[in-house]
Amino acid sequence: MNLSHLNISNRNNFLKIIKSVNWDVILILVLFFLTGCAVLYSASGGEASLLVRKHIYKFIFSIIVFVLICLLNYKFINRFSFIFYLISIFLLIFLTAFGIESAGSKRWISFSFFSIQPSEFAKIFLVLAIAKYYSEVSYVKNNSLIKSIFPILLILIPFFLIVNQPDLGTSLLLVANGLSMIIISGISIWLIIIGFVIIIGLIPVTWNLLHNYQQNRILTFLNPENDPLGSGYHIAQSKIAIGSGGFTGKGYMQGSQSQLEFIPEIHTDFVFSIFSEEFGFIGSLIIILLHLYLFFFGMKSSFYANNIFDKLVVFGLTINYFFYFLINISMVIGIVPVVGVPLPIISYGGSSMLAIMMSFAIIQKININRKIN
């Protein structure tokens, strides 16, 4: 038996995979990680703090998961999409009974040496489930209401479980992401209009269901000066930090708002404020352009995907990532209410980092499969 042919074939396949990887995307993700380390180091007062070390450990673990996903059999992702979704629902239900309660909400499941936030992964697995559904029922007409009922149920189940934590920001992002996939699937324009009218009509009911602190965040967004020392403090200090950075910034570790700890949640929600104060408009613009590059990369990958499942998965994961970026930037400059959404990879947070890295790993896997087949 001649094994030389097999060895050459395996080597050629490996080279094809290496050439098919979008190394520019990986480079940007690594750059975001290094930026996060630098900002966290600055926020810690110039010490290699526990935050920085944990950020490094979480990124190393995320990279390992990234590589493993890229090495998976392509069909595995498609075949087990609904199973992944059911696992995420189980974790959300498990969270309600055994989750860690902090500041009046249950968002984390703690294991022996690490914790996870199930809602972050629910958004990814929802994308896979909706894409799997539409790839299986492509024969149903787009103007049929029946075609949209099941994916709406797929959205509502995790939505109510996440709202119950309570975590309004993540639940709304999950809904926005799911509805975006339903719209892009090609449903009738009339169903979209009817759905939009229903959503508008439910706003008064939704307002009454919100917790007091959630209502205060929205009211603060509409008028931040109304409570500058209370709920409006976050936005006010964030705007001061970003504005004081000027065109080129105050310099690394020279930001007064961050070094004097005027900005709350300095290592998570408002990490962009620190970066903007220290590196100014130029640094902020570079970060925004790099995020936009990843967004357009995802949209392009969705356009060139081979089938409905791949198109919807890449689109859904890209939109989910884009919402992270868009909401966080808009939040720290006062365009939208503070809802606790981190800046991808840069902000401190293992679950959000892992979820983003998993998303781009799946997109890479789909691109690799398209290029080598």
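If you're wondering where the values come from, they're calculated on a predicted model, not measured in any experiment. (Residues numbered from 1 in each chain as written. Predicted model: local features only at pLDDT ≥ 70, side-chain atom pairs only at ≥ 80, totals over all residues. Heavy atoms only, no water.)

### What about the overall build of the protein chain?
At step 1: In terms of helices and strands, the protein chain carries 16 helices and three strands.
At step 2: Contacts spanning at least 24 positions in sequence make up 71% of the contacts within the protein chain whose residues lie at least 6 apart.
At step 3: When the accessible surface of the protein chain is split by element, carbon and sulfur atoms take 70% of a total near 18500 Å². (Helix = DSSP H or I, 4+ residues; strand = E, 2+ residues; numbered from the N terminus. Contact = heavy atoms within 4.5 Å. Areas by Shrake-Rupley, 256 points an atom, 1.4 Å probe, with all protein chains shown as cover.)

### Some remarks on the packing of aromatic side chains
To describe a pair of aromatic rings, one takes the distance between the centres and the angle between the planes.
At step 1: If you walk through the whole model with that rule in mind, you get 16 aromatic pairs.
At step 2: Centre to centre, the rings of Tyr 133 and Phe 150 are 5.1 Å apart; their planes meet at 40°, and the pair counts as tilted. Here Tyr 133, found in helix 6 (residues 118-136), pairs with Phe 150, found in helix 7 (residues 146-163); they are 17 residues apart in sequence, far enough to count as distant.
At step 3: The exposure class assigned to Phe 150 is partly exposed, which follows from its relative accessible area of 34%.
At step 4: Put simply, the rings of Phe 76, Phe 80, Phe 84 and Phe 125 touch in pairs and so form one group of aromatic residues.
At step 5: In this arrangement the basic side chain of Lys 311 is found over the ring face of Phe 303, its NZ or CZ atom lying 5.9 Å from the centre. (Phe/Tyr/Trp six-rings, centres within 6.5 Å; stacked < 30°, edge-to-face > 60°. Buried < 20%, exposed > 50% of the residue type's maximum accessible area, 1.4 Å probe, protein only. Lys NZ or Arg CZ within 6 Å of the ring centre and 35° of its normal.)

### Some words on the pattern of salt bridges
Pairs can form between side chains of opposite charge whenever their charged atoms are close.
At step 1: In total, this model carries three salt bridges according to the counting rule given.
At step 2: The partner of Glu 120 in a salt bridge is Lys 123, and the shortest N-O contact between them spans 3.6 Å. Remark: Lys 123 and Glu 120 occur in helix 6; sequence separation between them is three residues, near one turn of the helix.
At step 3: Given a relative accessible area of 4%, Glu 120 falls into the buried group.
At step 4: Taking relative accessible area as the criterion, Lys 123 reaches 1% and is therefore assigned buried.
At step 5: Here Glu 136 makes a salt bridge to Lys 132, at a shortest N to O gap of 3.2 Å. Remark: Lys 132 and Glu 136 occur in helix 6; sequence separation between them is four residues, near one turn of the helix.
At step 6: Overall, Glu 136 belongs to the partly exposed group, its relative accessible area being 45%. (Salt bridge = Lys/Arg side-chain N within 4 Å of Asp/Glu carboxyl O.)

### Considering the nonpolar core
At step 1: Counting residues in each nonpolar core, the largest one holds 91 residues, and the members touching the most others are Phe 32, Ile 345 and Phe 360.
At step 2: With 16 residues, the single largest contributor to this core is helix 15 (residues 308-332).
At step 3: Apart from the residues lying within four places of it in its own chain, the contact partners of Phe 32 are Ile 287, Leu 290, His 291, Leu 294, Tyr 321, Pro 344, Ile 345 and Ile 346. (Core = buried A, V, L, I, M, F, W, Y, C linked by side-chain atoms within 4.5 Å.)

### Section: the environment of Asn 164
At step 1: Structurally, the position occupied by Asn 164 is in the loop between helix 7 and helix 8 (168-184).
At step 2: Sequence-wise, Asn 164 and Lys 106 are 58 residues apart; in three dimensions their C-alpha atoms are separated by 8.6 Å.

### Thoughts on the packing of helix 14 (residues 271-303) against helix 16 (residues 350-372)
At step 1: The contact between helix 14 and helix 16 brings their axes to 11 Å, and the two run at 40°. Considering their axes alone, helix 14 and helix 16 lie oblique with respect to each other. The element helix 14 and its partner helix 16 pack so that their crossing is left-handed. When helix 14 is examined against helix 16, the residues Leu 294, Phe 297 and Ser 301 are found in contact with a partner set consisting of Phe 360, Ile 363 and Asn 367.
At step 2: Tallied by class, the residues present in the contact of helix 14 with helix 16 amount to four nonpolar, two polar and no charged. (Axes fitted to C-alpha atoms, helices over the stretch in contact; angles between N-to-C directions. Parallel < 35°, antiparallel > 145°, perpendicular 65-115°, else oblique. Left-handed = near helix turned anticlockwise from the far one by under 90°. Nonpolar A, V, L, I, M, F, W, Y, C, P; charged D, E, K, R; others polar.)

These results come straight from atomic positions and should not be treated as a statement about function.
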